[in-house]
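Remarks on the overall topology
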Amino acid sequence: MESKFHITKTNHSRINETDFENLKFGTVFSDHMFEADFKDGEWSKGVIRPLENLSFHPAMVALHYGQSIFEGMKAFKNVDGEPVLFRPELHAQRLNKSAARLCMPDFPEQEFVEALKALVDVDRKWISDVEGASLYIRPFMFASESFLGVRAATEYKLLIFTMPVNKYYDHPVSLIAEEKYVRAAEGGVGEAKASGNYAASLLPAKLAKEKGFDQALWLDGKEFKYIQEVGTMNIFFVIDGVVVTPATDGAILKGITRKSLIEICKDMDISVEERKISIDELIEAGKDGKIDEVFGAGTAAVVSHVNRMKLRDYEINFEIKEDGISKKLKKQLTNIRTGKVEDKFNWVVPVPSAILV
Ligand SMILES: *Cc1c(COP(=O)(O)O)cnc(C)c1O
C-alpha cells in the first residue's frame, strides 16, 4: 500500500545515536514530522518530511493571541511487534472540537488518522523493544498567519511529531485542592486542549510544589466546591466500592482515558458514576474511612495512583492496594492497548506497513 502523503525521508537518521534505555521525556524526537497548511480556506495536501526547525514572522498570530491547540496520544507495539494506535478517531474528533472553540478550521478526521498511521509507519523503528516502550505522538495546530489584530487568523499549520518514550515511571502522586486559582471555568476553554490552559496552570502548580504536593487538584471556578481534575489527568475516586468521577461540565477536559476506563468499568461490572463531587462530600467520606482509592487517568500514565490528598484543612493518606480497582483497570486498559486481551470494543487500530521505495 502506498502512502497518500508525499514522503521525504531523512538522510541523517538519529536513531543509531539514541540511547533507548535512557530516554528523558520530551527531549528525544524521532526523525520525521507531518505537516499541512491551511490557506485560502483549505488545507494543503499533507507531507511527511524530516523534523527540523521552522521559521516564522514575529507577528505570527499564535504567539500573540494564543490560537494554539494540541493532542497527545501514543503508539504501542502489540504482542506481534506491530505498531498500533489507540482510539485515534476520538483524538481526531477532539482536535476538531478544540479547533471549533478557538475559531480554528476543522481538519478532516479520516485524513488525520491516515496521517498518524503514515507517520508512525515511517518512524516505526523508533518504538524500541524495551519493555513498555511506546511512541508519544504530538499533533498540534496553530495560527501561522503574520498579522497583528484580534480576529481569527486565516492561515494555520497542523504538525505532528513523535517521541520515543519508555514505560511511565509509576510513582504515586500527592494532590492539594487549589482554593485560589482556577484552571478553567464553565463557558471558558477548559474543554479544549488549548495551549494557554497549561500556561495558566503553571503558577498554581509551582505553589502546590512549594507546599510539598506534586499537583493541584482543581475545583470549579464559581464556588470552589466541586472537584474538576488534575494537571494533565482526569480524576477518579473509589468511594465505598463505587468508582466515581466528576461529570464533565464544559470546564473539564474530556479525557479519552477517562472515557475508556468508564467503559471498562461497565464491561467488568464495576459500579461507576459520573456526577458532581463536592470537596465536602470527599472530606466526609475520608473521615468515615470510605475513600478506598484515588487515581488520575490520562494517556501518559494510564492510571496514576494518589497516595496523599489535602482538602482544605483535612489531609488524608492512602495505601496503594495491589488488588485494588485502579490496578485492575490499569491492567485491563494496558492489555487492550497491547493486544494481550481481546479488543472487543475495537479500540485498537493497526498501523499498516507501506512498501516504500
Ligand atoms: C489531555 C488531558 C487530559 C487527559 O486526556 P487523555 O485523552 O486521557 O490523555 C486530562 N486533563 C487535561 C487538562 C488534559 O489536557
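Each chain has its residues counted from 1, running along the sequence as written. Only residues with pLDDT of at least 70 are given local features in this predicted model, and only at 80 or more are side-chain atom pairs given and counted; all residues enter the totals for whole chains, interfaces and linings. Where side-chain values are given, they derive from all heavy atoms of the structure, hydrogens and water being excluded.

This brings us to the layout of surface pockets. Considered as a void within the structure, the second largest pocket measures approximately 750 Å³ in volume. The set of elements that each furnish at least two residues to the lining of the second largest pocket consists of β6 (73-77) and α7 (325-337). Helix and strand assignments come from DSSP, with helices taken as H or I runs of at least 4 residues and strands as E runs of at least 2, each series counted from the N terminus. Counting residues per element, the lining of the second largest pocket draws most heavily on α7, which supplies 5 residues. Here the term charged refers only to Asp, Glu, Lys and Arg, the term nonpolar to Ala, Val, Leu, Ile, Met, Phe, Trp, Tyr, Cys and Pro, and the term polar to all other amino acids, Gly among them. Its residues assigned to classes, the lining of the second largest pocket comprises 8 nonpolar, 8 polar and 10 charged. Each of domain 1 (6-166) and domain 2 (173-320) gives at least three residues to the lining of the second largest pocket. Space inside and on the surface of the protein is sampled on a 1 Å grid over the protein atoms alone, with a cavity defined as a set of points where a 1.4 Å probe fits but cannot get out and a pocket as an open set with protein on both sides within 12 Å along at least 5 of 7 lines; lining residues have an atom within 4 Å of a point. Grid points are joined across faces, edges and corners, and a volume is the space filled by probe spheres set on the points. Domain ranges listed in this record stem from an automatic or a database domain assignment.

Turning our eyes to something else, we now look at the pairing of strand β4 (residues 47-50). Each pair of strands is called paired provided DSSP finds at least two bridges between the two strands. Note: strand β1 (residues 6-7) against β4, 2 bridges, orientation parallel. Looking at the pairing, histidine 6 lines up with valine 47 of β4. Pairing of strand β2 (residues 32-39) with β4, which is carried by 4 bridges, proceeds in the antiparallel orientation. Its bridge partner lying in β4, glutamate 35 is registered against valine 47.

The subject of this paragraph is the domain arrangement of the protein chain. Split into domains, the protein chain comes out as domain 1 (6-166) and domain 2 (173-320). Placing a centre on the C-alpha atoms of domain 1 and another on those of domain 2 gives a separation of 28 Å. For the pair domain 1 and domain 2, the summed buried surface comes to about 1400 Å²; carbon and sulfur atoms form 59% of the total. The rule for a salt bridge is simple: a side-chain nitrogen of Lys or Arg has to be within 4 Å of a carboxyl oxygen of Asp or Glu. At the boundary of domain 1 and domain 2, one finds 1 salt bridge. Linking arginine 87 and glutamate 263 is a salt bridge whose minimum nitrogen-to-oxygen distance equals 3.2 Å. Identification of polar contacts relies on pairs of N or O atoms within 3.5 Å, with a donor-acceptor requirement for protein atoms, meaning one able to donate a hydrogen and the other able to accept it, and with residues adjacent in sequence counted only if both atoms are side-chain atoms. At the junction of domain 1 and domain 2, the tally comes to 9 residue pairs in polar contact (both at pLDDT 80 or more). By buried area we mean the combined loss of accessible area, with a 1.4 Å probe, across both parts when two parts are placed together.

Let's shift gears to a nonpolar patch on the surface. Candidates for patches are residues over 30% relative accessible area with no salt bridge; among them, like charges are joined within 9 Å and nonpolar side chains (Val, Leu, Ile, Met, Phe, Trp, Tyr) within 5 Å. Residue exposure ignores everything except the shown protein chains as possible cover, and the areas themselves are Shrake-Rupley values with a 1.4 Å probe. A cluster of nonpolar side chains, contributed by Tyr65, Leu148 and Val150, occupies part of the molecular surface with about 350 Å² of accessible area. In this fold, leucine 148 is placed in the loop between β8 (134-143) and β9 (156-165). Categorising residues by exposure relies on relative accessible area from a 1.4 Å probe, with only protein chains included: less than 20% of the type maximum marks a residue as buried, more than 50% marks it as exposed, and the intermediate range marks it as partly exposed. Since its relative accessible area comes to 55%, leucine 148 is described here as exposed.

Here the focus is the packing of helix α5 (residues 256-267) against α7. The convention used is that axes are lines fitted to C-alpha atoms, helices contributing only their stretch in contact, and that angles between N-to-C directions extend from 0 to 180 degrees. Axis separation between α5 and α7 bottoms out at 10 Å; the angle between their running directions is 105°. Taken together, α5 and α7 sit at an angle that is classed as roughly perpendicular. Only Leu329, Gln332, Leu333 and Ile336 of α7 make contact with α5, whose side of the interface consists of Thr257, Ser260, Leu261, Ile264 and Cys265. Looking at side-chain class alone, the contact of α5 with α7 contains 6 nonpolar, 3 polar and no charged residues. Put simply, angles under 35 degrees are roughly parallel, angles over 145 are roughly antiparallel, angles from 65 to 115 are roughly perpendicular, and the rest are oblique. In this description, contact between two residues means that some pair of their heavy atoms is separated by no more than 4.5 Å.

To continue, consider the site of the ligand. For this description, a residue counts as near a given molecule or strand if any of its non-hydrogen atoms is within 4 Å of it. The immediate surroundings of the ligand are formed by 15 residues, with Lys193, Tyr198, Glu229, Thr257 and Thr299 found nearest. At 2.7 Å, a side-chain N or O of lysine 193 approaches an oxygen atom of the ligand. In this structure, an oxygen atom belonging to the ligand sits 2.6 Å away from a side-chain N or O atom of threonine 299. In isolation the ligand exposes 390 Å². Once the protein is present, 96% of that is buried. Counting only elements with at least two residues in the shell around the ligand, the list comes to β13 (233-239) and α5. Classifying every residue of the shell around the ligand by side-chain character gives 4 nonpolar, 7 polar and 4 charged.

For the rest of this paragraph, the subject is the side chain of glutamate 71. Along the chain, glutamate 71 turns up in the loop between β5 (68-70) and β6. Within the structure, the side chain of glutamate 71 is placed 2.8 Å from the side chain of arginine 94, a separation counted as a polar contact. Beyond its immediate chain neighbours, meaning those up to four positions away, glutamate 71 contacts His91, Arg94, Leu95, Tyr136, Ile137, Arg138, Pro139 and Lys193.

So, about the nonpolar core. In this description, a nonpolar core means a group of buried Ala, Val, Leu, Ile, Met, Phe, Trp, Tyr and Cys residues linked to one another through side-chain atoms lying within 4.5 Å. Residues Phe34, Phe107 and Met141 are the most contacted members of the largest nonpolar core, which totals 54 residues. Take this core: its biggest share by element is 8 residues, from helix α3 (residues 109-122). Of all hydrophobic cores here, the second largest spans 25 residues; its members include Leu219, Ile239, Ile277 and Ile291.

Here we come to the packing of helix α2 (residues 88-101) against α3. Running from N to C, α2 and α3 cross one another at 125°; their axes reach a closest spacing of 9 Å. Here α2 is positioned oblique relative to α3, judged by the angle of their axes. For the element pair α2 and α3, the recorded crossing hand is right-handed. Together, Pro88, Glu89, His91, Ala92, Gln93, Leu95 and Asn96 of α2 and Glu109, Phe112, Val113 and Leu116 of α3 make up the contact between the two elements. Looking at side-chain class alone, the contact of α2 with α3 contains 6 nonpolar, 3 polar and 2 charged residues. Crossings are assigned a handedness: left-handed for a near helix turned anticlockwise from the far helix by less than a right angle, right-handed for a clockwise turn.

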